[in-house]
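# Residue-level structural notes
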Amino acid sequence: MKYKSLWLGCLALMVLLSCRQNAELPYLGQTTLQDGKTVHHKVGTFACYSQDSQLVDNAVLSQHIYVADFFFTSCPSICPRVIKEMMKINDRFKDEPMVKLVSFTIDPKRDDVARLKLYADNLGIDQSKWYFLTGDKDAVLDLANTFFVPAFEDKDAPGGFDHSGKIILVDKEGHVRSFSEGTDPETTPKLLDDIQTLVDTYKKATK
Amino acid sequence: MFMCFVVLLASCNESPYMQGKRLYAANCANCHMDDGSGLASLIPPLKSSKLIGDVSMACVIAYGIRDTIFRDSVFLPREMPSFTRLSETEVTNIINYVNHTWHNDFKETTILDVEAALKKCPK
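Residues numbered from 1 in each chain as written. Chains lettered and ligands numbered in written order. Predicted model: local features only at pLDDT ≥ 70, side-chain atom pairs only at ≥ 80, totals over all residues.

### Side note on the overall build of chain B
Here is the rule: Going along the chain from the N terminus, every DSSP run of H or I of four or more residues is numbered as a helix, and every run of E of two or more is numbered as a strand. Backbone-placed C-beta atoms define the burial measure: a residue is buried with 20 or more other C-beta atoms within 10 Å of its own, exposed with 12 or fewer, and partly exposed in between. Any pair of residues counts as being in contact when their C-beta atoms, constructed from backbone geometry, are within 7 Å of one another.
Within chain B, the regular secondary structure consists of six helices and two strands. Going from N to C terminus, chain B has its helices and strands arranged as α-α-α-α-β-β-α-α. Expressed as a percentage of its 123 residues, the buried residues of chain B come to 23%. Pairs at least 24 apart in sequence give 54% of the contacts found in chain B among residues at least 6 apart.

### Description of the overall build of chain A
In terms of helices and strands, chain A carries six helices and 11 strands. Taking the contacts inside chain A whose residues are at least 6 apart along the sequence as the reference set, 67% of them involve residues at least 24 apart.

### Some points on the interface of chain B and chain A
Selection criterion: Asp, Glu, Lys and Arg are counted as charged, while Ala, Val, Leu, Ile, Met, Phe, Trp, Tyr, Cys and Pro are counted as nonpolar; the rest, among them Gly, fall into the polar class.
At the junction of the two partners, chain B supplies 14 residues and chain A supplies 16 residues. A breakdown of the residues in the side of chain B that touches chain A according to their chemical character gives 11 nonpolar, two polar and one charged.

### Section: the environment of B:Cys31
With respect to the helices and strands, B:Cys31 occurs in helix H3 (residues 29–32). According to the C-beta neighbour criterion, B:Cys31 is buried, with 20 such atoms within 10 Å. Among residues more than four places away in sequence, those in contact with B:Cys31 are A:Pro80 and B:Ile43.

### Quick word on unusual backbone geometry
Residues and elements named next belong to chain A. Unlike most non-glycine residues, Asp 35 shows phi in positive territory, near 50°. With respect to the helices and strands, Asp 35 occurs in the loop between strand S1 (32–34) and strand S2 (37–39). The phi dihedral of Phe 148 is positive, around 65°, even though this residue is not glycine. Judged by the 15 C-beta atoms lying within 10 Å of it, Phe 148 falls in the partly exposed class.

### A short note on the nonpolar core
Going by this rule: To form a nonpolar core, buried Ala, Val, Leu, Ile, Met, Phe, Trp, Tyr and Cys residues must be joined through C-beta atoms within 7 Å.
Core analysis: the biggest nonpolar cluster contains 47 residues, and A:Val67, A:Phe104, A:Ile106, A:Ala144, A:Ile168 and A:Leu169 have the highest contact counts within it. Among residues more than four places away in sequence, those in contact with A:Ala144 are A:Phe70, A:Ile106, A:Val149 and A:Ala151. Listed in part, the 18 residues of the second largest apolar core include B:Tyr24, B:Cys28, B:Met57 and B:Ile95.

### Some words on the pairing of strand S11 (residues 176–181) of chain A
Residues and elements named next belong to chain A. For clarity, the threshold we go by: Two strands form a pair only when DSSP identifies at least two bridges running between them.
Counting buried positions over the six residues of S11 gives five, a clear majority of the element. Strand direction decides the pairing type here: strand S10 (residues 166–170) and S11, joined by five bridges, are antiparallel. When the bridges of S11 are listed, Lys 166 appears paired with Glu 181. Adjacent in sequence and paired antiparallel, S10 and S11 are bridged by five residues, among which Gly 174 carries a positive phi angle near 90°.

### With respect to the packing of helix H5 (residues 88–102) of chain B against helix H6 (residues 111–119) of chain B
Residues and elements named next belong to chain B. For clarity, the cut-off: Geometry is summarised by axes, namely lines fitted to C-alpha atoms with helices restricted to the contacting stretch, and by angles between N-to-C directions that run from 0 to 180 degrees. Should an angle fall under 35 degrees it is taken as roughly parallel, and over 145 as roughly antiparallel, whereas 65 to 115 is taken as roughly perpendicular and any remaining angle as oblique.
Two elements in contact, H5 and H6, have axes separated by 9 Å at closest approach and are oriented at 110°. Between H5 and H6, the crossing angle belongs to the class labelled roughly perpendicular. Residues Glu 88, Thr 89, Val 91, Thr 92 and Ile 95 of H5 form the contact with H6, whose own contacting residues are Ile 111, Val 114, Glu 115 and Leu 118. Residues that form the contact of H5 with H6 fall into these classes: five nonpolar, two polar and two charged.

### Topic: the packing of helix H2 (residues 18–27) of chain B against H5(B)
Residue and element names in this part refer to chain B. Here H2 crosses H5 at 95°, and the two axes come no closer than 7 Å. In terms of orientation, H2 lies roughly perpendicular with respect to H5. Of the residues in H5, those in contact with Gln 19, Gly 20, Lys 21, Leu 23 and Tyr 24 of H2 are Glu 90, Asn 93, Ile 94, Asn 96, Tyr 97 and Val 98. Of the residues assigned to the contact of H2 with H5, the class counts are five nonpolar, four polar and two charged.

### A closer look at the sheet that holds strand S5 (residues 65–71) of chain A
All names here are of chain A. Spatially, the five strands line up as an open sheet ordered S7-S6-S5-S10-S11, and their pairing is mixed. Of all the strands in the sheet, just strand S7 (130–133) and S11 have a single pairing partner and so form its edges. Strand after strand, the sheet turns through a mean of 20° between neighbouring axes, direction not considered. Inspection of the sheet shows S5 paired to strand S6 (residues 99–105) by seven bridges, in the parallel sense.

### What about the confidence of the model for chain B?
To keep things clear, this is the line we draw: What pLDDT reports is the predictor's confidence in each residue, on a scale of 0 through 100.
The predicted model of chain B averages 88 in pLDDT, with 89% of residues at 70 or higher. For this predicted complex, the interface score ipTM comes out at 0.81, while the overall pTM is 0.85.

### Some words on the environment of A:Ile83
Within the secondary structure, A:Ile83 sits in helix H3 (residues 79–92). Along the backbone, A:Ile83 and A:Asp69 are 14 residues apart, and their C-alpha atoms lie at a distance of 8.3 Å. Sequence-distant contacts of A:Ile83, that is, excluding residues within four places in its chain, are made with A:Phe71 and B:Leu39.

### Comments concerning H5(B)
Condition: Multiplying 1.5 Å by the residue count of a helix minus one yields the expected span of that helix.
Between its terminal C-alpha atoms H5(B) stretches 21 Å, which fits the 21 Å expected from 15 residues at 1.5 Å a residue. Elements that come into contact with the buried residues of H5(B) comprise H2, helix H4 (57–63) and H6 of chain B.

### Description of the pairing of strand S1 (residues 68–71) of chain B
Two faces belong to every sheet, and in a regular strand the side chains alternate between them. Residue and element names in this part refer to chain B. In this sheet, strand S2 (residues 74–77) lies alongside S1 in antiparallel orientation, the contact comprising four bridges. Of the residues in S2, the one forming a bridge with Ile 69 is Leu 76. Hairpin connection of S1 to S2: two residues between the antiparallel strands, including Asp 72 at a positive phi of 55°.

In structure tokens form, the structure reads like this:
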């Protein structure tokens, strides 16, 4: 009887461990069927300039998984807190070249390449890992929707823009796989775990 | 004995400036962060601020700061918004919470101190 309980315990542990190893992140957003194949939601296409005047588009990021947020440098409300959470992600994965960070400005009229460079310099971060991107305003506001981040101009909002502070995890194929609320630091540890899970999934697939 | 324990437990867990703490969370923490660490050199940490322990912090809370980072012809606003909607009592509570939490040589600021400081703010 004693041994039976022990064996049952071991079996339960093995099942739990095997579930954990196979844990994959879900695909977020609408899934459709095309020609009998399951097609997951993808973020929109973009071509923006970074703080180093480098053209960054979907193809450049297709070798990486990345976390993205939407902000603007003169934002007086939620942006500093969201950028602070992005810095935590940056610190945790600073030695993992697969992971990049992307911050799209929703105020490209004021946030040109030079201002984004000044902003990034003042953050003191590794700028080969973290892109601050500027492009066409309407295109960026539309793009935000495909990341499930509502962003729009609102003259009554602080700084002239209303937007959510979500931080979105995107895989190499452009699918949204996880997110955190950038305004709530308590949601960051789960996102950090999810990024690690996605990194591990890709590494396991290439072995 | 039980009451002593309850009082002791309460005094361990709570800042003596709870309204200041709540006001800080609602008005200040998005930029200065819950731990006062700020955001790199864009928002310097409160602990090393020249305004810590200085009653002129009342002017900064009430009227904000207009600051700009320049490099060549590029500029980046580094402004703190004004909080004129806060009452003198609320400003006092925030100052006491901030000083009590991050100033090594804490002395309580009174509403009278704040009223006097606000009259002398540079316009």
